[in-house]
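Residue-level structure breakdown
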Amino acid sequence: MRTSATGCNHLRVSSSGLDVSSEAQTQAPLPRSLPLEDFHRLRELALAKTGIDLAENKRSMLYVRLLRRLRSLEITTFEEYFTQLEKLGGSELGHFVDTVTTNLTYFFREPHHFRHLKEVALPSLAAQKSRQEPLRVWSAGCASGQEIYSVAMTLVDFKRRAPFEYRLLATDIDSTMVTRTSNGIYSKEEMRGLQPAQRERWFTELKSGQFQAEAKLRQMIKSRKHNLFERWPIQNPVDIIFCRNVMIYFNQEHQSKLIENFAKQQAPGAMLYVGHSESLQTGKQWYERVSNTAYRRK
Ligand SMILES: C[S@@+](CC[C@H](N)C(=O)[O-])C[C@H]1O[C@@H](n2cnc3c(N)ncnc32)[C@H](O)[C@@H]1O
């Protein structure tokens, strides 16, 4: 039987209600830290499965997140956790991946990208599109979806001036995030970045106090679970890729591979937006910088 996390004495009251006895319940306590050796083992696993390169200073973050997993699995040691990772044929691995990802995002993050999208990228790229050949946008590492919904809102406004077809794809390695993107439900705090008029126009307040994106927006977006280092679910060239604040978690080798693969997936003139602290140093032969962290395929 598992006992309380504190392992403190429990008082038992007799049938008379008067005689009180104490029962010392012993419980193996949860680990007080993540041993360096275990951290290195998990770090290698994270790198192999996701490309995420956990720096040494992420050890305490990983420890805190893993404690939650240990509690829900009702185990008390990291050794047992490794057994779970190995024995369950992949299902704990999915949870582990969700544990190592960082999903911070918000609407219209780095607003200069959305200005560039509206004023430069869409006017030039959408003008060349037809019903047979839609404009394709991919949010690669979409987290909970605010990025692709920001693209969708920008696109609807632009499309009213110049009709064209489009396909919007949002992918993430974290399955919880993929579900969140397709549901399009956000807490009040997560509505950060939206103007009151945008909130009014595109979101409905639910009884829970959360907000849900209108069906029209949700239907514009396909969300899929996808690891950027596995086979890509895309056949056609992608006109606009948002891969922002994702590469920052990868080492140089993984970043270079990813940029090369983006280049293979894009035709000349296509756009790639990256995060504020990311750059395309290793992709200079394929991309030219056209604005702040905005690159055009050569
Ligand atoms: C910090 S969020 C960025 C969200 C959004 N792009 C933005 O800039 O606001 C990084 C996302 O990348 C995802 N990610 C990390 N490694 C990945 C991989 N190998 N394949 C796909 N997604 C990955 C994480 O799950 C996380 O949701």
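Thresholds, definitions, all that
Residues numbered from 1 in each chain as written. Predicted model: local features only at pLDDT ≥ 70, side-chain atom pairs only at ≥ 80, totals over all residues. Helix = DSSP H or I, 4+ residues; strand = E, 2+ residues; numbered from the N terminus. Contact = placed C-beta atoms within 7 Å. Domains from an automatic or database assignment. Nonpolar A, V, L, I, M, F, W, Y, C, P; charged D, E, K, R; others polar. Expected span 1.5 Å × (residues − 1). Buried ≥ 20, exposed ≤ 12 C-beta atoms within 10 Å, placed from the backbone. Arc of directions from axis to C-beta. Near = placed C-beta within 6 Å. Pairing = 2+ DSSP bridges. pLDDT = per-residue confidence, 0-100. Core = buried A, V, L, I, M, F, W, Y, C linked by C-beta atoms within 7 Å. Axes fitted to C-alpha atoms, helices over the stretch in contact; angles between N-to-C directions.

1. Details of the overall build of the protein
Across its full length, the protein carries ten helices and twelve strands. Seen along its three principal axes, the alpha-carbon backbone of the protein occupies a region of about 85 × 45 × 30 Å. Within the protein, counting contacts between residues at least 6 apart in sequence, those at least 24 apart form 69% of the total.

2. Side note on the domain arrangement of the protein
For the protein, the assigned domains are domain 1 (36-100) and domain 2 (111-297). Put simply, the middle of domain 1 and the middle of domain 2, counted by C-alpha atoms, are 29 Å apart. Residue-level contacts link seven residues of domain 1 with eleven residues of domain 2. With three residues, the single largest contributor to the side of domain 1 that touches domain 2 is helix H4 (residues 91-100). Here the side of domain 1 that touches domain 2 is built from residues that sort into two nonpolar, three polar and two charged.

3. Regarding helix H10 (residues 252-265)
Given a rise of 1.5 Å per residue, 14 residues ought to cover 20 Å, and the 20 Å separating the end C-alpha atoms of H10 matches this to within 8%. When H10 is considered as a whole, its buried residues turn out to be Gln 255, Leu 258, Ile 259, Phe 262 and Gln 265. Mapping the buried residues of H10 onto a view down its axis gives an arc of 120°, with all of them on the same face. The exposed residues of H10 that point more than 90 degrees off its buried face are Gln 252, Glu 253 and Lys 264. Structurally, H10 contributes buried residues whose contacts are with strand S9 (240-243) and strand S10 (271-274).

4. Digging into the site of the ligand
Close to the ligand lie 25 residues, the nearest being Thr 101, Thr 105, Gly 141, Ala 143 and Ile 173. Taken together, the residues of the shell around the ligand sort by class into nine nonpolar, eleven polar and five charged. Mapping the shell around the ligand onto the domain boundaries places at least three of its residues in each of domain 1 (36-100) and domain 2 (111-297).

5. A word on unusual backbone geometry
Its identity is not glycine, yet Glu 74 carries a phi of approximately 55°, on the positive side. Counting through the fold element by element, Glu 74 comes out in the loop between helix H2 (59-73) and helix H3 (78-87). One non-glycine residue, Asn 245, adopts positive backbone phi at about 60°. Given 21 C-beta atoms within a 10 Å radius, Asn 245 is considered buried.

6. So, the pairing of strand S11 (residues 287-291)
Across four bridges, the pairing between S11 and strand S12 (residues 294-297) is antiparallel. Residue pairing across strands places Ser 291 opposite Ala 294, the latter belonging to S12. In textbook terms, the turn of a hairpin is the stretch between consecutive antiparallel strands, and for S11 and S12 this stretch comprises two residues, one of which, Thr 293, has a positive phi near 50°.

7. Some thoughts on the environment of Met 153
Inspection of the secondary structure puts Met 153 in helix H6 (residues 146-161). Between the C-alpha atoms of Met 153 and Asn 245, which are 92 residues apart in sequence, the distance is 21 Å. Beyond its immediate sequence surroundings of up to four residues, Met 153 is in contact with Gln 198 and Trp 202.

8. Details of the confidence of the model for the protein
Summarising the model, the protein shows a mean pLDDT of 90, and 90% of its residues fall at 70 or more. Taken as a whole, residues 1-25 scores under 50 in pLDDT and shows 19 contacts with residues more than four places along the chain or in a different chain.

9. Description of the environment of Asn 261
Checked against the element boundaries, Asn 261 lands in helix H10. On the basis of neighbour count, Asn 261 is assigned to the partly exposed category, with 14 C-beta atoms found within 10 Å. Considering only alpha carbons, one finds Asn 261 and Phe 229, 32 residues apart in sequence, at a separation of 9.5 Å.

10. With respect to the nonpolar core
Ile 148, Ala 152, Leu 168, Ile 241, Cys 243 and Leu 272 are the most contacted members of the largest nonpolar core, which has 60 residues in total. Among the elements that take part in this core, H6 stands out by supplying six residues, more than any other. Not counting residues within four places of it along the chain, the set of residues in contact with Ile 241 comprises Trp 138, Ala 140, Phe 262, Gln 266 and Leu 272.

11. Looking at the sheet that holds S11
Here seven strands make up an open sheet; going across it, the order is S8-S4-S3-S9-S10-S12-S11 and the pairing mixed. Strands at the two margins of the open sheet, each flanked by one partner only, are strand S8 (221-225) and S11. Averaged over all adjacent pairs, the angle separating strand axes in this sheet is 20°, with direction ignored. By the bridge criterion, three bridges tie S10 to S12 in an arrangement that is antiparallel. Directly across from Tyr 273, in S12, lies its bridge partner Ala 294. Sheet strands touched by H6: strand S3 (135-140), strand S4 (166-172), S8 and S9. Its angle to S4, the strand with the most contacts, is close to 170°.

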